[in-house]
Amino acid sequence: MVNDRSRDIGEFVPAPDDDMIICRCEEITKGEIRSAVHDGMYTLTDIRRFLRTGMGLCQGQTCAKLVKGIVSRELGVSPADLEPATARAPMRPIEMKVMANDLNEEVAKHE
Amino acid sequence: MSNYADVVIIGAGIIGCSAAYNLAKKGCSVIVLEANDNIGNGGSTRNGGGVRQSGRDPRELPLIMYGIKNIWPTLSEELGVNVEYYQEGNLRLGKTDAHIKTLQGLTNSAVSCGLDVRMIGQDEAKAINPFLSNEVLGASWCPTDGHANPLLTTLAYYRKARQLGVRFFTGEKVIKINKIKGKARQVVTENNVYEGDKIIVAAGFASRSILNSVGIDVPMVPVLLETLVTEAVEPMFYQMLGTAAADFYGHQSTHGSFVFGVNSGMEPYAKPGSPVSSSSAASIACRGIMSYFPALADVKIVRTWAGWMDSCADHVPVISTVEEVPGLVVACGFSGHGFGISPTVGLLLSELAMDTKTTLDLKALRYERFCR
């Protein structure tokens, strides 16, 4: 779908709950998310890259839906029209020393 | 709204966004067309963030040296977004005598190009970075190298260009360029037709088929690039890191996380289509990283991702006008090291599109170098 990034979505209007933290891992507020939309970040992926929402330890498992709601309201579109940002491996944070284990060596140990 | 602009740019990566910003600053009207739904969805937001001169091809070196001297130091102020630029040097590490020999060769060629880079031994390397393991025998050291945040830099260029009136259309896939009266003028997308006096093609690997529509070919292939990021930890060091063995590269970011790129050796054979991390790359990277930086063994990996590089046959980009196709400007084939030079390239592309004298000589990066 063609997305005109200069279309009129109105002015940014400050709101009393702009200081509310939405992404708690990265401590990003509702006001920062709304303001980023007015800076041209029209997709959840743009927002994530610009603000780091959903890029912390929980990888957006807590805030993804909240961010989606805020961005869709700011753009005046349905949340269903916004593609979720890509989920990435690993599903849980893993220490380098564990990630570094070599499967073939592990198998050999048990043979 | 009119579908005409002085310049139509194909590709909203960091090259297209930087060119758009430079053109708008000089008063040109600009339209940017991006096939993807997101800005900078190719290599621009998927790379390791290096802003380095050391290890560069001599043909590309003047571009990065110009950027580090004239653009990067004040880019955050210029764009109104902190792009997290650090100029804390680049350590390229060696663990064997063969590595040191490789580094010496790279260093010699960079010195002959006028770059301040030198070889250092284990003690000096450890004085610069106390977290290095004893396996590291030496390094090349370029104190003026550094890194920045590629996501923020790309989006900062986009944001500023948009503020200056550049019109961006995402989800607008370009099919072909049409010549009108012998000049490249029309850009045909899946949905619309746009027109510009000048057309800049900066669409990564996709540039190849777009350029083919006007009979121009740049020999390049898509090669996978894989990257990982750790949790945030306390500040440890801010040098850009690389190795002679090319087993990893990366840095610690403002956020506190480490961003590391990795070469698994399987990149040319990656699954085509949307870029996907291979199952082995992160493990290979961790083994490599821990052998140079044992202190990172307990740091957690939180995310891995991959992207496509537009790898050119001779590993440097094409930044060029095209004699056979007046009106066309080509900027592709950045081969995985376009991020650091992107501020300079945006400036040069604005000059090429406006028919003004370029700040740097671009002869070595012209398209016809493959026609021998």
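No experiment lies behind these values; they were computed from the predicted model shown.

### Comments concerning the overall build of chain A
Scanning chain A for helices and strands turns up five helices and four strands. Each helix and strand of chain A, ordered N terminal to C terminal, gives the series β-β-β-α-α-α-β-α-α. Taking 13 Å as the expected radius of gyration for a compact globule of 111 residues, we find that chain A reaches 19 Å, considerably beyond that expectation. Its C-alpha atoms give chain A principal-axis dimensions of roughly 65 × 35 × 20 Å. With 111 residues in all, chain A has 33% of them scored as buried. Considering only contacts in chain A between residues 6 or more positions apart, those separated by 24 or more positions represent 53%.

### Observations regarding helix 1 (residues 30-38) of chain A
Residues that lie three or four places apart on an α-helix share one face, since the helix turns once every 3.6 residues. Residue and element names in this part refer to chain A. Listed as buried for helix 1 are Ile33, Ala36 and Val37. Along the axis of helix 1, the buried positions cluster into a sector of 105°, meaning they face one direction only. Turning to helix 1, the residues buried within the fold contact strand 2 (21-23), strand 3 (28-29), helix 2 (44-51) and helix 3 (64-75). Count one or two residues on from helix 1 and you reach glycine 40, which has phi positive near 105°.

### A few points about the nonpolar core
The biggest cluster of nonpolar side chains holds 108 residues, and the ones touching the most others in it are B:Ile10, B:Ala20, B:Val30, B:Ile200, B:Val201, B:Val330 and B:Ala331. When residues of this core are assigned to domains, at least three fall in each of domain 1 (4-49 + 151-219 + 314-370) and domain 2 (90-143 + 221-312) of chain B. Of all hydrophobic cores here, the second largest spans 37 residues; its members include A:Met99, A:Ala100, B:Leu115 and B:Leu241.

### Side note on unusual backbone geometry
Each neighbour pair has its own omega, and for A:Ala89 with A:Pro90 the value is -5°, a cis peptide bond. Turning to its location among the elements, A:Pro90 is positioned in the loop between helix 3 and strand 4 (94-95). We note that B:Ser335 has phi near 60°; this positive angle belongs to a residue other than glycine. In this structure, B:Ser335 sits in the loop between strand 18 (328-332) and helix 9 (342-353). For B:Ser335, a count of 20 C-beta atoms within 10 Å corresponds to the buried category.

### Remarks on the interface of chain B and chain A
Each partner contributes residues to the interface: chain B has 35 residues there, and chain A has 28 residues. Those elements giving two or more residues to the side of chain B that touches chain A turn out to be helix 6 (150-163), strand 8 (167-170), helix 8 (281-292) and strand 16 (300-312) of chain B. In terms of residue class, the side of chain B that touches chain A is built from 16 nonpolar, nine polar and 10 charged.

### Observations regarding the packing of helix 1 (residues 14-25) of chain B against helix 9 of chain B
Residues and elements named next belong to chain B. Contact geometry of helix 1 with helix 9 gives a least axis separation of 7 Å together with a crossing angle of 55°. By the criterion of interaxial angle, the relationship of helix 1 to helix 9 is oblique. When you trace helix 1 past helix 9, the crossing you get is right-handed. On the side of helix 1, the interface is formed by Ile14, Ile15, Ser18, Ala19, Tyr21, Asn22 and Leu23, while helix 9 contributes Ser342, Pro343, Val345, Gly346, Leu347, Leu349, Ser350 and Ala353. Per-class residue counts for the contact of helix 1 with helix 9 are 10 nonpolar, five polar and no charged.

### A closer look at the UniProt feature "domain: BFD-like [2Fe-2S]-binding" (unreviewed entry) in chain A
Within this structure's numbering, the places UniProt gives as "domain: BFD-like [2Fe-2S]-binding" (unreviewed entry) are residues 21-71 of chain A. As annotated, residues 21-71 of chain A comprises 49% helix and 10% strand, and the C-alpha atoms at either end are separated by 15 Å.

### Notes on the domain arrangement of chain B
Residue and element names in this part refer to chain B. Annotation of chain B at the domain level lists domain 1 (4-49 + 151-219 + 314-370) and domain 2 (90-143 + 221-312). For domain 1 and domain 2, the distance between their C-alpha centroids amounts to 29 Å. Opposite the 20 residues of domain 1 that make contact, domain 2 presents 15 residues. Taken together, the residues of the side of domain 1 that touches domain 2 break down into eight nonpolar, 10 polar and two charged.

### Focus on the pairing of strand 8 of chain B
Side chains B:Arg167 and B:Phe169 project from strand 8 of chain B onto one buried face, and the interleaved B:Phe168 and B:Thr170 project onto a second face that is buried too. As judged from the two bridges shared by strand 1 (residues 3-4) of chain A and strand 8 of chain B, these two strands associate in the antiparallel manner. Paired with A:Asn3 across the two strands is B:Thr170, which belongs to strand 8 of chain B. Bridge count for strand 2 (residues 30-33) of chain B against strand 8 of chain B is three bridges, and the pairing is parallel. By the bridge assignment for strand 8 of chain B, B:Leu33 is matched with B:Phe169.

### Let's talk about helix 3 of chain A
Residue and element names in this part refer to chain A. Spanning 12 residues, helix 3 covers 16 Å between terminal C-alpha atoms, matching the ideal 16 Å at 1.5 Å per step. Buried within helix 3 we find Val67, Ile70 and Val71. Along the axis of helix 3, the buried residues cluster in a sector spanning 95°; they form a single face. Opposite the packed face of helix 3, turned more than 90 degrees from it, sit the exposed residues Lys65 and Arg73. Packed against the buried residues of helix 3 are strand 2, helix 1 and helix 2. Once helix 3 finishes, glycine 76 follows within two positions and takes phi at roughly 70°, a positive value.

### A look at the environment of B:Thr321
Residue and element names in this part refer to chain B. In this fold, threonine 321 is placed in strand 17 (residues 318-321). It is 8.3 Å that separates the C-alpha atoms of threonine 321 and alanine 353, two residues lying 32 residues apart in sequence. In contact with threonine 321, other than residues within four places in its own chain, are Leu328, Val329 and Leu352.

Reading guide: rules and limits
All chains use their own residue numbering, which begins from 1 and follows the written sequence. Whichever chain is written first is A, and whichever ligand is written first is 1; the rest continue in order. Totals for whole chains, interfaces and linings use all residues, but because this is a predicted model, local features are given only for residues with pLDDT of at least 70 and pairs of side-chain atoms are given and counted only at 80 or more. Here a strand is any run of E in DSSP of at least two residues, a helix any run of H or I of at least four, and the numbering for each starts at the N terminus. Computation of the radius of gyration draws on C-alpha atoms alone. For the globule rule, the value is 2.2 Å times the number of residues to the power 0.38. Buried, partly exposed and exposed are defined by the number of other C-beta atoms within 10 Å of a residue's own C-beta, namely 20 or more, between the two limits, and 12 or fewer respectively, with C-beta atoms placed from the backbone. Here, residues touch in the contact sense if the C-beta positions derived from the backbone fall within 7 Å of one another. To be clear, the arc concerns the directions from the helix axis to the C-beta atoms. Remark: nonpolar core denotes a set of buried Ala, Val, Leu, Ile, Met, Phe, Trp, Tyr and Cys residues whose joining runs through C-beta atoms within 7 Å. Residue ranges for the domains trace back to a domain assignment, done automatically or taken from a database. Amino acids outside the nonpolar list (Ala, Val, Leu, Ile, Met, Phe, Trp, Tyr, Cys, Pro) and the charged list (Asp, Glu, Lys, Arg) are all regarded as polar, and Gly is one of them. What counts as an axis is a line fitted to C-alpha atoms, over the stretch in contact for a helix, and the angles between N-to-C directions run from 0 to 180 degrees. For classification, angles of less than 35 degrees are called roughly parallel, those exceeding 145 degrees roughly antiparallel, those between 65 and 115 degrees roughly perpendicular, and all remaining angles oblique. In this scheme the handedness of a crossing depends on how the near helix is turned from the far one: anticlockwise by less than a right angle means left-handed, clockwise means right-handed. UniProt positions are given in the numbering used here, feature names are shortened, and annotations may be inferred rather than shown by experiment. Strand pairing follows a simple DSSP-based rule, namely that at least 2 bridges must link the two strands. Take the number of residues in a helix, subtract one, and multiply by 1.5 Å to get its expected span.

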